[in-house]
Amino acid sequence: MSERQLRARVTQEVAEVIATRRVGAYQHLTLVAPGVAELARPGQFVALAVGGETSGTLLRRSFSIHKVSPSGTYGGTVEIVVSAVGTGTRWIVDRAPHDTIDVVGPLGKAFPLPTEPVACVLVGGGYGSAPLFWLAGELRERGCHVEMVLGAASEDRLFGVVEARRSCDGVTVTTDDGSAGQQGWVSDPLPEIIERTKAGVVYGCGPMGMLESITRVAQAHGAVAQVAVEESMACGVGVCMTCVMPVVGSDGRTRMVRSCVEGPVFRGDRVRWDAFDGGHARVPDDAVGAPKVGGH
């Protein structure tokens, strides 16, 4: 689908908050946004304005879509999960029922779905697991065997363990400190799960280091990784260029692409993980348009 076609499937709505609740370390919000709910697909995201009409906070905040309900008592709804880490996200989690938030979406490219039933492993880190539950439902409707691996630094940073056990064929939990499930990283149990299920696809959403590790495990065991990256997206529509990252194209050449438009979902083996340092991407020397020594 062309960029023009993608933009044609984006809407802006003033969404009413109809429910908000605390889930561990996170806030789960349900917004009435029928236009977004009708168009959205698993893996896409929304961009929310923060601070109200008189706010000096200009940049929107982007969140993966957890679930949608195209119809209901209040009309179509969109669910998101928010971690309050700064002024903007704290404003969002402080919204009460009947408050309104300006929403733009759905944005970005969705997770590609297999055309035939195949075993899939879904891997989420922290609240990065939010979009995977909707994806799991879509995969199971297609006859896929679905297992999920949920990881976090500690038990309170996990999201959706109970829901995963209701919606998946198997669930594995890991925490860095051992406070829940197995102690370790999500990549630790992944080889055994891929081999046991003969999984053809590994889907992931979470921190960049986690996505790199599950990509390497998937490659080593003959599976394709499809990862939703976590890059800072100041506009969400491809204008500001703050979320560019190096990705290898079908021609084998590396280009700096916008994760909000060309992504946020990429094939893991196309991402230039070697260019990331401390969560930030540099421009590889061999990238198209990269500065050359002695150039201008």
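The structure contained in this document is the topic of the report that follows.

What counts as what
- Residues numbered from 1 in each chain as written.
- Predicted model: local features only at pLDDT ≥ 70, side-chain atom pairs only at ≥ 80, totals over all residues.
- Heavy atoms only, no water.
- Pairing = 2+ DSSP bridges.
- Helix = DSSP H or I, 4+ residues; strand = E, 2+ residues; numbered from the N terminus.
- Phe/Tyr/Trp six-rings, centres within 6.5 Å; stacked < 30°, edge-to-face > 60°.
- Buried < 20%, exposed > 50% of the residue type's maximum accessible area, 1.4 Å probe, protein only.
- Contact = heavy atoms within 4.5 Å.
- Disulfide = S-S within 2.5 Å.
- Polar contact = N/O pair within 3.5 Å; in protein donor to acceptor, adjacent residues only side chain to side chain.

This part takes up the sheet that holds strand 15 (residues 265–267). Across the sheet, seven strands lie side by side as 10-9-8-7-11-12-15; this open sheet has mixed pairing. Taken across any chain shown, the strands that pair with only one partner, and hence form the sheet edges, are strand 10 (182–183) and strand 15. Two strands pair when backbone bridges link them, and strand 7 (residues 120–125) and strand 11 (residues 201–205) are joined in this way by five bridges, in the parallel orientation. Along strand 11, the bridge assignment pairs Gly124 with Cys205.

Counted according to the given criterion, the structure contains four aromatic pairs. On the basis of an interplanar angle of 35° and a centroid distance of 5.2 Å, the ring pair of Tyr26 and Tyr127 is categorised as tilted. In this pair, Tyr26 is assigned in strand 2 (residues 26–32) and Tyr127 in the loop between strand 7 and helix 4 (132–141), connecting sequence segments 101 residues apart. Residue class for Tyr127 comes out partly exposed when judged on its relative accessible area of 31%. Ring centres of Phe111 and Tyr203 lie 5.5 Å apart, and the angle between their planes is 85°; on these two criteria the pair is classed as edge-to-face. Residue Phe111 is found in the loop between strand 6 (100–107) and strand 7, and its partner Tyr203 is found in strand 11; the two are separated by 92 residues along the sequence. Each member of the pair Phe111 and Tyr203 is classed as buried.

Time to look at the environment of Pro34. Mapped onto the elements, Pro34 comes out in helix 2 (residues 34–39). Spatially, the C-alpha atom of Pro34 lies 34 Å from that of Gly200, the residues being 166 residues apart in sequence. Not counting chain neighbours up to four residues away, the residues in contact with Pro34 comprise Glu13 and Gly76.

This brings us to the state of the cysteines. Per the stated rule, a full pass over the model turns up zero disulfides. Cysteine Cys144 remains unbridged, with the sulfur of Cys120 as its closest cysteine sulfur at 4.4 Å. Looking at the unpaired Cys168, the closest cysteine sulfur is the one in Cys120, lying at 11 Å.

What follows concerns the environment of Gln44. Mapping Gln44 onto the fold places it in the loop between helix 2 and strand 3 (45–48). Gln44 sits 62 residues away from Pro106 along the chain, and the two C-alpha atoms are 6.0 Å apart. Look past the residues within four positions of Gln44 in its chain and what remains in contact with it is Leu39, Ser64, Ile65, Pro106, Leu107, Gly108, Lys109 and Ala110. A polar atom in the side chain of Gln44 sits 2.8 Å from the backbone nitrogen of Arg41.

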